[in-house]
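Chain by chain, the residues:
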Amino acid sequence: MPEIKSYQMLIGGRWVDAADGATFVTVNPATGQPLARVPLAGDADVDAAVKAARKALPAWRSLTQAKRNEYMLRIAAAIRDNAKELATCEALEHGTPYNDAFGVCMGAAGKFEYAASIALALMGVQIPMDAGQLSYFKRGPLGVAALVIPWNFPIIMLAVKASAALAVGNTCVIKPPSVNSMTDLVFARVIQSAGLPDGVVNVITGSGETVGKSLCSHPGVDVIGFTGSSETGQNVLRYAAATVKKCVMELGGNNPVLVYPDADLDKLVSVLGFRQFNNCGQHCSGPGRYYVHEKVYDAFLRKLAAFADSIKVGDPLEEGTFMGPVVSKAQQKKVEDYVAGAVREGARVYYTREKTPEQEKGSYVMPTIVSDCTHDMTIAREEVFGPVAVVIKWKDGDDLLAMANDSPYGLCAHIWTGDIPLALKLADALEVGNVFINCQTLTEEQSWGTNVKASGLGREGGLEGLKEFTDLKEITLEY
Ligand code: NAD
């Protein structure tokens, strides 16, 4: 095995190995080669991290908001200063093309800046009472936050959660996705370089089934911010039930795209084609299943295939690469199995391409369009989470709304039509948290994601995302 660099975890302001010295190795998905050695934490490490976060809590929550904001802004500056290193880590360990990863780092800095700006505005409310009585709500942090990060965006997802939790006075224990542990340990070093008091941020690496479970079950944790699959989310809710922890959950999705005959196909393909293949389709809010009206079905497929064909797939560190590998061999197999299964069920691979011998060594999945799908095929029912467009034809008389809503998930939906009154009616009736009409996910800092059905609980991002990490205490006085 070639020489690889070792990293440590952050507990109580100290960089440490796992208590029992165990480690594991992460892999470069572009080459299949080992990349970094990181600690394989166990229960003792989780316990030490939660205790460190609890110890740091009284002082951190008592800081004035202005003082905490200074830290938030210092973290943002540190991210900007270290963006090249962070972007390189994400490119190497996650497969994000470097320029995209650099943009992600700028976005991550923006999360801390936004959280600082909005936290000042989160004020208490006074209730009108009888003479001689005073009642008011005081907003405060929940306590120790366990932040469990998914692999699809290891930097930005950590930034969204940590900025919200920290800005309003929580301390936190972060559990990175195991396959992207190095990236988040480097990110933690950058955050810590802002001079945070010891124990305010702790990071422990290891497997979800051990470290994640131990953290989410720990009685010293008050709130869980979790993003991941619905199956894992259900387990997390079970762990949290024992001590009735608040859970903010962003889970799986299978987002319908409703394409009407009057849709602007060129705009649709450039907007959603980007979303489909950028980050290898590993977007929670990306297009999951396209329902395309029969009048524009063939034209849509032709245009999407031309878009897919124009994409440069390759080394994430190479200039001009649009799409790198998916995050791991396991994910590659999962995505390719969905495509093979769809073909067995009668669908057709309308577009794909061959891998180069170099790409065969990594975990590449080629841009793929699967046409002739039906609503009840497995590929249309489940979350593929890869660079695979799943296309279903619909015709007048089909109950498109019923098909769109016939899913356990409720993350978001996309509507493409020139008929805005129709689009607004559909937006009301779709059982999802976010609806995008003739556009893609908006990335303004003020926006947030709402998760309904099996796609989660609560909101992430924006003002509402900050509120999730706070509680309102009512204080009443007679005088
Ligand atoms: P995952 O569920 O496999 O893992 C998520 C995190 O949970 C990882 O850090 C993992 O180590 C940890 N984990 C695994 N088992 C655990 C357990 N038993 N207890 C506690 N933690 C555990 O998900 P993933 O594959 O990393 O991420 C992809 C999923 O995330 C997709 O389903 C995607 O839709 C979802 N996602 C949703 C949103 C959203 O906004 N709703 C955003 C991004 C990703």
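Presented here is an overview of the structure given in this document. This one's a predicted model, so the numbers in the text were calculated from it and none came from an experiment. (Residues numbered from 1 in each chain as written. Predicted model: local features only at pLDDT ≥ 70, side-chain atom pairs only at ≥ 80, totals over all residues. Heavy atoms only, no water.)

A closer look at the overall build of the protein chain
We count it as follows: Each helix is a run of H or I in the DSSP string that is no shorter than four residues. Each strand is a run of E no shorter than two, and both are numbered from the N terminus. Only C-alpha atoms enter the radius of gyration, while the globule expectation follows 2.2 Å times N to the 0.38, with N the number of residues. Buried means the residue's accessible area, taken with a 1.4 Å probe over protein chains only, is under 20% of the maximum for its type, while exposed means over 50%, and partly exposed covers the values in between. Accessible surface is estimated by sampling points in the Shrake-Rupley manner with a 1.4 Å probe; for residues, cover comes only from the protein chains shown. In this count, Lys and Arg are taken as positive residues and Asp and Glu as negative ones, while His and the chain termini are left out. Charged groups are reduced to one reference atom each: NZ for lysine, CZ for arginine, CG for aspartic acid, CD for glutamic acid.
The helix and strand inventory of the protein chain stands at 16 helices and 25 strands. Rg of the C-alpha trace for the protein chain: 23 Å, near the compact-globule value of 23 Å for 479 residues, within the 12% margin. Expressed as a percentage of the 479 residues in the protein chain, the buried residues total 57%. Looking at the protein chain as shown, the accessible area adds up to about 19400 Å², and 54% of this sits on carbon and sulfur atoms. Taken together, the 45 basic and 54 acidic charged side chains of the protein chain have centroids lying 3 Å from each other.

What to know about empty space enclosed by the protein
Keep this limit in mind: Two kinds of site are reported from a 1 Å grid over the protein atoms alone, namely cavities, where a 1.4 Å probe fits but cannot get out, and pockets, open sets with protein on both sides within 12 Å along at least five of seven lines, and residues are called lining when an atom falls within 4 Å of a point. Grid points are joined across faces, edges and corners, and a volume is the space filled by probe spheres set on the points. Ten residues, namely Ala, Val, Leu, Ile, Met, Phe, Trp, Tyr, Cys and Pro, are considered nonpolar, four, namely Asp, Glu, Lys and Arg, are considered charged, and the remaining ones, Gly among them, are considered polar.
Within this structure, the stated rule accounts for four cavities of 30 Å³ or more. A volume near 160 Å³ is recorded for the largest cavity. Sorting the residues of the lining of the largest cavity by element identifies helix H9 (265-277) and strand E17 (388-394) as the ones contributing at least two each. When grouped by side-chain class, the residues that make up the lining of the largest cavity number six nonpolar, nine polar and three charged. Around the second largest cavity, the lining is made up of 15 residues, and of these Pro256, Arg289, Ala404, Tyr409 and Val432 lie nearest the centre. Mapped onto the lining of the second largest cavity, the elements with two or more residues apiece are helix H14 (400-405) and strand E18 (409-410). When the residues that make up the lining of the second largest cavity are grouped by side-chain class, the tally is seven nonpolar, five polar and three charged.

Observations concerning the environment of Val370
Put simply, the rule reads: Here, residues are in contact when the closest pair of their heavy atoms is within 4.5 Å.
Following the sequence through the fold, Val370 ends up in strand E16 (residues 368-373). In the structure, Val370 is positioned 18 residues away from Thr352 in sequence and 8.9 Å away in space, judged by C-alpha atoms. Not counting chain neighbours up to four residues away, the residues in contact with Val370 comprise Val339, Ala342, Ala347, Arg348, Ile379, Val388, Ala389, Val390 and Val391.

With respect to helix H1 (residues 43-62)
Here is the rule: One less than the residue count of a helix, multiplied by 1.5 Å, gives the span that helix is expected to have. The angle between axes fitted to the seven-residue stretch ending at a residue and the seven-residue stretch beginning at it gives the bend at that residue.
Relative to the 28 Å expected for 20 residues at 1.5 Å per residue, H1 spans 29 Å between its end C-alpha atoms, a close match to the ideal helical length. The axis of H1 is deflected most strongly, by about 40°, at Ala56, and proline Pro58 appears within four residues downstream. Among the residues of H1, those classed as buried are Asp45, Val46, Ala49, Val50, Ala52, Ala53, Ala56, Leu57 and Trp60.

Quick word on the pairing of strand E5 (residues 34-39)
Going by this rule: Strand pairing is assigned whenever DSSP identifies at least 2 bridges connecting the two strands.
Of the strand pairs in this sheet, strand E1 (residues 5-6) and E5 are connected by two bridges, and their pairing is parallel. Along E5, the bridge assignment pairs Ser6 with Arg37. Sheet topology places strand E4 (residues 23-27) next to E5; five bridges connect them, and they run antiparallel. Of the residues in E5, the one forming a bridge with Thr26 is Ala36. Between E4 and E5, which follow one another and run antiparallel, lie six residues, and Gly32 among them has a positive phi close to 80°.

A look at the layout of surface pockets
Computed from the structure, the second largest pocket encloses a volume of approximately 1000 Å³. Taken together, 40 residues make up the lining of the second largest pocket; nearest its centre are Trp151, Phe226, Gly228, Ser229 and Thr232. Going through the elements one at a time, helix H7 (208-217), strand E11 (223-227), helix H8 (230-241) and helix H11 (329-344) are the ones with two or more residues in the lining of the second largest pocket.

So, the packing of helix H5 (residues 154-167) against helix H6 (residues 181-192)
Selection rule: Geometry is summarised by axes, namely lines fitted to C-alpha atoms with helices restricted to the contacting stretch, and by angles between N-to-C directions that run from 0 to 180 degrees. By the definition adopted for this analysis, an angle is roughly parallel if under 35 degrees, roughly antiparallel if over 145, roughly perpendicular if from 65 to 115, and oblique otherwise. The crossing is said to be left-handed when, going from far helix to near helix, the turn is anticlockwise and less than a right angle, and right-handed when the turn is clockwise.
Contact pair H5 / H6: the axes reach a minimum separation of 10 Å and the direction vectors enclose 45°. Comparing the axis directions of H5 and H6 gives the class oblique. Two packed elements cross with a definite hand, and for H5 against H6 that hand is right-handed. Contact residues: Pro154, Ile155, Leu158 and Ala159 in H5; Thr183, Asp184, Phe187 and Ile191 in H6. Residue classes in the contact of H5 with H6 are distributed as six nonpolar, one polar and one charged.

Notes on the state of the cysteines
Which entries qualify depends on this criterion: Two cysteine sulfur atoms form a disulfide, by the criterion used here, when they sit within 2.5 Å.
All chains considered together, the criterion is met by zero disulfides. A disulfide-free cysteine, Cys373 has its sulfur positioned 19 Å from the sulfur of Cys412, the nearest such atom. Given a relative accessible area of 5%, Cys373 falls into the buried group. A disulfide-free cysteine, Cys439 has its sulfur positioned 10 Å from the sulfur of Cys412, the nearest such atom. Cys439 gets classed as partly exposed once you look at its relative accessible area, which sits at 22%.

What to know about the pairing of strand E12 (residues 246-250)
Going by this rule: When the strands point away from the viewer, a crossover counts as right-handed if the route from the first strand across the helix to the second turns clockwise.
Burial analysis of E12 places four of its five residues in the buried class, which makes it a mostly covered element. Sheet topology places E11 next to E12; five bridges connect them, and they run parallel. What sits directly across from Gly225, in E12, is Val248. Of the crossover connections in this fold, the one passing from E11 over H8 to the parallel E12 is right-handed. Relative to strand E23 (residues 456-457), E12 is paired through two bridges, and the arrangement is antiparallel. Its bridge partner being in E23, Met249 is matched across the sheet by Leu457.

Some remarks on the pattern of salt bridges
Put simply, the rule is: A pair is scored as a salt bridge if a Lys or Arg side-chain nitrogen falls within 4 Å of a carboxyl oxygen belonging to Asp or Glu.
Going through the model one piece at a time under the given rule, you end up with 17 salt bridges. Residue Glu431 pairs with Lys453 through a salt bridge whose shortest N-O separation is 2.9 Å. Within this pair, whereas Glu431 is found in the loop between helix H15 (420-429) and strand E20 (434-437), its partner Lys453 is found in strand E22 (residues 452-453), the two being separated by 22 residues in sequence. Its relative accessible area of 38% is what places Glu431 among the partly exposed residues. Judged by relative accessible area, Lys453 falls into the partly exposed class, the value being 35%.

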